[in-house]
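# A closer look at the structure
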Amino acid sequence: MNINFKNVRLEATKFDSYPTYNGAENLPEVAFIGRSNVGKSSLLNTLVGSKSLAKVSRLPGKTRSVNYFNVDHKLYFVDLPGFGYSKAGKSETERFKKLIEKFFLSNNKLILVCQLIDSRHEPTKLDEIANNFLMNLSIPYCILFTKVDKLKQSQRAKLLDRANEFIKSKQSVEMIPFSSKSGEGKKELLSYIESIYKKSVN
Ligand SMILES: Nc1nc2c(ncn2[C@@H]2O[C@H](COP(=O)(O)OP(=O)(O)OP(=O)(O)O)[C@@H](O)[C@H]2O)c(=O)[nH]1
Ligand SMILES: [Mg+2]
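### Considering helix α1 (residues 40-48)
Counting buried positions along α1 yields nine of nine residues, so the element is predominantly enclosed. What α1 keeps buried is the set Lys40, Ser41, Ser42, Leu43, Leu44, Asn45, Thr46, Leu47 and Val48. A positive phi of about 70 degrees marks Gly49, the residue just after α1.

Okay, here's the thing in structure tokens:
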């Protein structure tokens with residue numbers, strides 16, 4: 001029943017999410033969404049213990065398709081293109097927006113949505129819009145604060161306040177500080193995903 005997160009392969013790459021990808025095994029999905037460059041692909045690599053499974057770049061706008069990683073024949077990790085990439089042209093931005101909306105609105109296989117927010121900065125307007133949209137889907141939802149290795153002690157202390165401010169008056173939400181560099185948060189996130197998975201198959 002336990003998931004072997006290291007048994008992973010890229011199964012499919014989609015540029016259009018309609019109809020949604022069913023995959024050979026029709027597995028439940030865990031999606032990772034957030035601003036361009038926030039560290040989605042890096043986080044996925046860290047979770048599965050790989051350096052290069054998902055493509056990472058210093059420049060925003062690296063992931064432009066929806067990538068389905070088959071994890072141990074039990075679930076898919078879905079790496080989405082980042083939103084808010086200012087250098088992408090208008091039509092590219094529109095395409096991403098439609099792709100992401102369709103991905104979430106016509107998908108009944110999602111068991112968890114993880115929104116990534118850069119721990120160094122205030123959440124952006126787009127982070128807030130995404131947060132509102134995602135929390136209204138009534139799918140289990142969590143926030144991952146990325147790149148915490150870059151925080152100074154004083155910023156670290158403020159993170160919790162900022163996090164609470166961000167989700168104030170919303171239902172209780174799992175929040176995990178994460179670093180792909182130090183591995184902080186990895187264990188916690190994997191056990192959280194595993195617990196959600198177990199609930200979904202019971
Ligand atoms: N210090 C530090 N750098 C990180 C961390 N995670 C990602 N980065 C760096 O941030 C940059 C962007 O990482 P990606 O994983 O490609 O980000 P992404 O969210 O997938 O970006 P798009 O595919 O463009 O949407 C790369 O230079 C990474 O090395 C982290 O935890 N700590
Ligand atoms: Mg990416």
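Moving on from the coordinates now.
### Quick word on unusual backbone geometry
Unusually for a residue other than glycine, Asn37 sits at a positive phi of about 80 degrees. By the element assignment, Asn37 lies in the loop between β2 (29-34) and α1. With 21 C-beta atoms counted inside 10 Å, the residue Asn37 sits in the buried group. The phi dihedral of Lys147 falls on the positive side, at around 60 degrees, and the residue is not glycine. The topology assignment puts Lys147 in the loop between β6 (141-146) and α4 (153-166).

### Describing the sheet that holds strand β1 (residues 8-14)
One open sheet accounts for seven strands, arranged β1-β3-β4-β2-β5-β6-β7; its pairing is mixed. With one partner strand each, in any of the chains shown, β1 and β7 (174-177) form the two edges of the open sheet. With strand direction ignored, the average angle separating the axes of adjacent strands in the sheet is 25 degrees. Most of the contacts of helix α5 (residues 186-201) go to strand β5 (residues 110-118), to which it runs at about 155 degrees, and overall it touches β2, β4 (75-79), β5, β6 and β7.

### Some remarks on the site of ligand 1
Every one of the 24 residues lining ligand 1 counts as a neighbour, but Gly39, Ser41, Ser42, Thr63 and Gly82 are closest to it. Looking at which element gives the most residues to the shell around ligand 1, the answer is α1, with three residues. Partitioned by chemical class, the residues of the shell around ligand 1 number four nonpolar, 13 polar and seven charged.

### Quick word on the pairing of β6
Of the pairings in the sheet, the one linking β5 to β6 comprises six bridges and is parallel in character. Along β6, the bridge assignment pairs Asp118 with Thr146. Handedness of the β5-helix α3 (residues 125-135)-β6 crossover: right-handed. Across four bridges, β6 lies against β7 in parallel orientation. For Phe145, the partnering residue across the bridge sits in β7 and is Pro177.

### Section: the environment of Ile117
Checked against the element boundaries, Ile117 lands in strand β5. When the C-alpha atoms of Ile117 and Ile33 are compared, they prove to be 9.1 Å apart, with 84 residues separating the residues in sequence.

### A few points about the pairing of β2
In terms of burial, β2 is largely enclosed, as six of its six residues are buried. Residues Glu29, Ala31 and Ile33 line one face of β2 and the alternating positions Val30, Phe32 and Gly34 line the opposite face, and both faces are buried. With four bridges connecting them, β2 and β4 associate as parallel partners. Each bridged residue has a counterpart across the sheet, and for Glu29 the counterpart in β4 is Tyr76. Pairing of β2 with β5 involves six bridges; the strand directions are parallel. Within the sheet, the bridge partner assigned to Glu29 lies in β5 and is Leu110.

Thresholds, definitions, all that
- Residues numbered from 1 in each chain as written.
- Chains lettered and ligands numbered in written order.
- Predicted model: local features only at pLDDT ≥ 70, side-chain atom pairs only at ≥ 80, totals over all residues.
- Buried ≥ 20, exposed ≤ 12 C-beta atoms within 10 Å, placed from the backbone.
- Helix = DSSP H or I, 4+ residues; strand = E, 2+ residues; numbered from the N terminus.
- Pairing = 2+ DSSP bridges.
- Axes fitted to C-alpha atoms, helices over the stretch in contact; angles between N-to-C directions.
- Contact = placed C-beta atoms within 7 Å.
- Near = placed C-beta within 6 Å.
- Nonpolar A, V, L, I, M, F, W, Y, C, P; charged D, E, K, R; others polar.
- Right-handed = clockwise from strand over helix to strand, strands pointing away.

Don't take any of this as a statement about function, it's just geometry.
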